[in-house]
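The primary structure of each chain is shown beneath.
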Amino acid sequence: MQLLSKEGVSFVEVARVLNTDAALAAEVLRMANSPLGGRYHCNTVMQAISMLGATRVSGLVLTLTMSKLLRRAAGSAIVRRCWRHNLACAIAGKEFACSFDVDPDHAYTAALMHDIGRLALAVNAPDQYEAIAEEPGDVFAAERAAFGIDYRAAGAWIARSWFLPEFVVEAAERHHESQGLQSPIITIVQLACSTAAHLGYAVVNRPLEGEEPVVDEDLVERIAVTINAFECEYNF
């Protein structure tokens, strides 16, 4: 992640580091050759990086990292809801990026990671988080009472620990702030969150806020197909 965050990073260097971890290299190749990556028919990590680009590879690495978290509690309903919400937000965020003159891969990454703190709490204590998700009231207060931290702060801490770009830290920490003078990335994540929730990919059992967004049917289908493809690919 440190390499991929640098401007003008050498693909040769990225490939060298990825190839030191056989499991991760294999997963990057697997995803690049799957519907999730675009079916590029890559035979080497270097080919995958060259075809996908550093930012897209970064998104794949993050998706794989999050999938490892998911596997620890894959049987938990709340963990599955968290994961589906994150992935739905990422796909929607990438779709909305062009309207805000934002790099689509940056929007994908920010939306994918915006709830990483919640996913971490749910993976580590699924039953406890399920109760928080189902009860009415202030989610953040309930999280602080149960864990000593809410998922926004946890997400920002994780993003910094993983050397993620500052826009990802910002998305994790600030995506619930009131709309106003925020960055386009935050606006995209908020819109993606609302879209995902209205499409049935909400995490907590709370009344939905705001008007139901108008969503293109192609996007609705793409979200459903991608989530299904990922879960089938990784046996979730």
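So, how was this worked out
- Residues numbered from 1 in each chain as written.
- Predicted model: local features only at pLDDT ≥ 70, side-chain atom pairs only at ≥ 80, totals over all residues.
- Heavy atoms only, no water.
- Phe/Tyr/Trp six-rings, centres within 6.5 Å; stacked < 30°, edge-to-face > 60°.
- Lys NZ or Arg CZ within 6 Å of the ring centre and 35° of its normal.
- Helix = DSSP H or I, 4+ residues; strand = E, 2+ residues; numbered from the N terminus.
- Polar contact = N/O pair within 3.5 Å; in protein donor to acceptor, adjacent residues only side chain to side chain.
- Contact = heavy atoms within 4.5 Å.
- Core = buried A, V, L, I, M, F, W, Y, C linked by side-chain atoms within 4.5 Å.
- Buried < 20%, exposed > 50% of the residue type's maximum accessible area, 1.4 Å probe, protein only.
- Axes fitted to C-alpha atoms, helices over the stretch in contact; angles between N-to-C directions.
- Parallel < 35°, antiparallel > 145°, perpendicular 65-115°, else oblique.
- Left-handed = near helix turned anticlockwise from the far one by under 90°.
- Nonpolar A, V, L, I, M, F, W, Y, C, P; charged D, E, K, R; others polar.

A. Examining the packing of aromatic side chains more closely. Counting across every chain of the model gives two aromatic pairs. The ring of Tyr 108 has Lys 94 lying over it, and the distance from NZ or CZ to the ring centre is 6.0 Å. The positively charged end of Arg 152 is found above the aromatic ring belonging to Phe 140, 3.7 Å away from the centroid.

B. Structural view of the side chain of Asp 150. Mapped onto the elements of the fold, Asp 150 is located in the loop between α9 (139–147) and α10 (151–161). Within the structure, the side chain of Asp 150 is placed 3.0 Å from the backbone nitrogen of Arg 152, a separation counted as a polar contact. If we skip the residues at most four places from it in the chain, Asp 150 touches Phe 140, Glu 143 and Arg 144.

C. Spatial organisation of the nonpolar core. Core analysis: the largest hydrophobic core is formed by 78 residues, its most contacted members being Leu 18, Ile 78, Leu 87, Tyr 129 and Ile 223. Here this core takes 11 residues from helix α5 (residues 77–96), the largest share from any one element. Each residue touching Ile 78, except ones within four places of it in the same chain, is listed here: Ala 122, Pro 126, Tyr 129, Glu 130, Ala 133 and Val 203.

D. Representation of the packing of helix α11 (residues 166–174) against helix α12 (residues 184–198) in the model. Where α11 contacts α12, the axes come no closer than 10 Å and their chain directions differ by 50 degrees. Classified by the interaxial angle, the pair formed by α11 and α12 is oblique. Of the two elements, α11 crosses α12, and the hand of that crossing is right-handed. Contact with α11, carried on its side by Phe 167, Glu 170, Ala 171 and Arg 174, involves Ile 185, Ile 186, Val 189 and Gln 190 of α12 and no other residues of that element. Among the residues forming the contact of α11 with α12, the class breakdown is five nonpolar, one polar and two charged.

E. Local environment of unusual backbone geometry. A positive phi is found at Asp 101, a non-glycine position, where the angle reads about 55 degrees. Along the polypeptide, Asp 101 turns up in the loop between α5 and α6 (104–113). Accessibility expressed as a relative area gives 75% for Asp 101, which makes it exposed.

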